[in-house]
Amino acid sequence: MSEPPAKQLITMDFEDMDSFAQKLQAKESKNPPKHGTMLDPETVAVENAALNDMGDGNWIGKLTEYRQAHPVADEGIIWNEKSEPGKVGPRFTCTVKIPESDEIFGSGNYGFSSKVASFTTKKTAKKYAAMLAIEWLIQNNHMPSSGAARFPKAAAPPAPIALRAPDDAQTSYTSQVPELCIRLGFGVPRYVITPYLDIPNNAFWNGYADFGHDPRIDGKIGEVENVYGKKSAKEQVAKLVVLFLRDIERQRLAKEEGTVEVEIVEEEKKAEGEENAEDGLNSDDDKKRKRFSSDASATSNKAIKV
């Protein structure tokens, strides 16, 4: 009986192993798996078109700013993010819901395609949903076409020229009253504004200023009737109060000037009287000065009464 052949030993050095690995890699590259790793062209086309629509706009920030400018009782922005496995990595989609619309933005098919737009990052998917929401807000007059959070305010009409003071066109009469009152030692009055007619939606007003229990000022000051607009009625009352207080101020200044003039005349009278006593002279000029002093005294007494 013959002996079985001896087993042959196979040896391989490191250089042979590297060569074998290279050949195996080259073979696999020529024969890719049946389920390839490339995205289908429609998915890529939809993503590229959506990215082109978004551009560099800060859509998420604009939608957030709009919500802050127009708060609502419930949750103002509801995001819903999803991810699905893809051939070369996960794909992300996002939807957003706002109270102004029943639509869920980001959930529908993209324009020319039957596919929902999906993206390689969560932020891009969220940005796309925010853009769709803002486009709807603009189209339905919730947001200006510029994408600003609020519509620009209409310019306020200029204040009536008749209510402006000649010396200070920018200061209202109501703001001048407290300063005049403090300067003259009066309390600031209370404005009493009442409807001209006792009917709903009355647009005309009566008014006057009440200085309270100050005994120096009696009755209704600056009374007006049948003025259109409550604010205008108050301003008209204030205008008359300002004229009233300025008149008092002029009287006080006149009184002070008259008092100073009398003091000067009295000093001259005293000095001239001393000269007359020394010289024993009573000229016509002395008589004139005495008459002028007497007239000034009467004027001073009248000013004090006022």
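Structure: see above.
Everything quoted here is computed from the prediction, not taken from an experiment.

1. Examining the nonpolar core
Now for step 1: Counting 27 residues, the largest nonpolar core has Leu63, Val96, Phe119, Tyr128 and Leu137 as the members making the most contacts within it.
Now for step 2: Among the elements of the structure, α2 (41–54), α3 (59–69), β2 (91–97) and α4 (122–139) are those that each provide at least two residues to this core.
Now for step 3: In this structure, Tyr173, Ile193, Val224 and Leu245 belong to the second largest nonpolar core, which totals 22 residues.

2. So, the packing of aromatic side chains
Now for step 1: Applying the stated criterion across every chain, the model contains 4 aromatic pairs.
Now for step 2: Each ring, one from Phe105 and one from Trp136, has its centre 6.3 Å from the other, and the planes form 55°; the classification is tilted. Taken together, the residues Phe105 in the loop between β2 and α4 and Trp136 in helix α4 connect sequence positions 31 residues apart.
Now for step 3: On the basis of relative accessible area, Phe105 is assigned to the buried category, the value being 2%.
Now for step 4: By relative accessible area, which is 17% here, Trp136 ends up buried.
Now for step 5: For the ring pair Phe186 and Phe211, a centre distance of 6.5 Å and an interplane angle of 75° mean the geometry is edge-to-face. With Phe186 in the loop between α5 (173–184) and β3 (190–195) and Phe211 in the loop between β4 (204–210) and β5 (221–228), this residue pair connects regions lying 25 residues apart in the sequence.
Now for step 6: With relative accessibility at 8%, the residue Phe186 sits in the buried group.
Now for step 7: Judged by relative accessible area, which is 10%, Phe211 ranks as buried.
Now for step 8: Sitting above the plane of the Trp79 ring, Lys126 keeps its charged end 4.7 Å from the centroid.
Now for step 9: Against the face of Tyr208 rests Lys220, its NZ or CZ located 4.7 Å from the ring centre.

The rules we used
Residues numbered from 1 in each chain as written. Predicted model: local features only at pLDDT ≥ 70, side-chain atom pairs only at ≥ 80, totals over all residues. Heavy atoms only, no water. Core = buried A, V, L, I, M, F, W, Y, C linked by side-chain atoms within 4.5 Å. Buried < 20%, exposed > 50% of the residue type's maximum accessible area, 1.4 Å probe, protein only. Helix = DSSP H or I, 4+ residues; strand = E, 2+ residues; numbered from the N terminus. Phe/Tyr/Trp six-rings, centres within 6.5 Å; stacked < 30°, edge-to-face > 60°. Lys NZ or Arg CZ within 6 Å of the ring centre and 35° of its normal.

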